[in-house]
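# Structure at a glance
These are the residues of each chain, in order.
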Amino acid sequence: MTQFARIESGVVMELFSPPTGLGIADCFHGGLVWAGVDGVSPAPEVGWEASQTGGVWHFAAPAAPVLTLAEQAVARLAEGLSIASTGTPALSAVYPADAAAQQKLLSIQTVLAGTGSFPGGAATWPLKDRSGAWHVVNVAQFTAIATAIAAFVAPIDLILDGRAGVALPAASASIQ
């Protein structure tokens, strides 16, 4: 079965195989640009760039978009922070750093600051990482994780607020 790519403004807009016994001209009106793609390697996909040299079609995957610093910051925040714990390896994980996670950490940190213990006087507290696994932490471990996340988020907030000259933070941190 013969396959064709419809080209518009140098981009593959669709791929089509005519029914058996019909040619491409039998299926569509004139004026559309179709390129035979049988045997082309790699096979083009919709959205690929197309060009023609000496009657031969050439196809290339589109270049990846270049993200602005703010877009990179949003993506980095969504990915979370990879924390490596040298003192307690079981705490090593990627922790969420989005607004909801930050709010949860802040509310617990507020209780810790006022009482020295977790809500209800608990000595330990469960934290969920990005994979959904739970880690039970003590006050020192919680504070180390919350501090690492706050240090990760702070420059991202500056970037998103439009502050010039702020570098994107590393996506990983180490705690004791």
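Heads up: the structure comes first, above all this text.
Residues numbered from 1 in each chain as written. Predicted model: local features only at pLDDT ≥ 70, side-chain atom pairs only at ≥ 80, totals over all residues. Heavy atoms only, no water.

Moving on to the overall build of the protein chain. On a plain count of helices and strands, the protein chain comes out with four helices and 10 strands. Overall, the protein chain shows an N-to-C arrangement of helices and strands of β-β-α-β-β-β-α-β-β-α-β-β-α-β. For 176 residues, the compact-globule formula gives about 16 Å, and the C-alpha radius of gyration of the protein chain, at 27 Å, lies well above that figure. In terms of principal-axis extent, the alpha carbons of the protein chain reach across some 80 × 40 × 25 Å. Looking at the 176 residues of the protein chain, the share that counts as buried comes to 27%. For the protein chain, long-range pairs separated by at least 24 residues make up 54% of all intrachain contacts whose partners lie at least 6 apart in sequence. In the structure as shown, the protein chain presents an accessible area of about 10,200 Å², 59% of it carried by carbon and sulfur atoms. Mean positive and mean negative side-chain charge positions of the protein chain (6 and 12 charges, respectively) differ by 15 Å. (Helix = DSSP H or I, 4+ residues; strand = E, 2+ residues; numbered from the N terminus. Rg over C-alpha atoms; globule rule 2.2 N^0.38 Å. Buried < 20%, exposed > 50% of the residue type's maximum accessible area, 1.4 Å probe, protein only. Contact = heavy atoms within 4.5 Å. Areas by Shrake-Rupley, 256 points an atom, 1.4 Å probe, with all protein chains shown as cover. Lys, Arg positive; Asp, Glu negative; His and termini not counted. Charge placed at Lys NZ, Arg CZ, Asp CG, Glu CD.)

In this structure, the largest pocket encloses a volume near 290 Å³. Lining of the largest pocket is provided by 17 residues; of these, Pro 96, Ala 101, Lys 104, Leu 127 and Lys 128 occupy positions nearest its centre. For the lining of the largest pocket, the secondary structure elements donating two or more residues are α3 (99-115), β8 (124-128) and α4 (139-160). No other element matches the six residues that α3 contributes to the lining of the largest pocket. When grouped by side-chain class, the residues that make up the lining of the largest pocket number 13 nonpolar, one polar and three charged. (1 Å grid on protein atoms, 1.4 Å probe; cavity = no way out; pocket = protein on both sides within 12 Å on 5 of 7 lines; lining within 4 Å. Points joined across faces, edges and corners; volume = space filled by probe spheres on them. Nonpolar A, V, L, I, M, F, W, Y, C, P; charged D, E, K, R; others polar.)

In this section: α3. In a regular helix each residue adds 1.5 Å, so 17 residues correspond to 24 Å; α3 covers 24 Å between its end C-alpha atoms and thus fits that length. Of the surrounding elements, those touching the buried residues of α3 are β8 and α4. (Expected span 1.5 Å × (residues − 1).)

The analysis is restricted to geometry; functional conclusions fall outside its scope.
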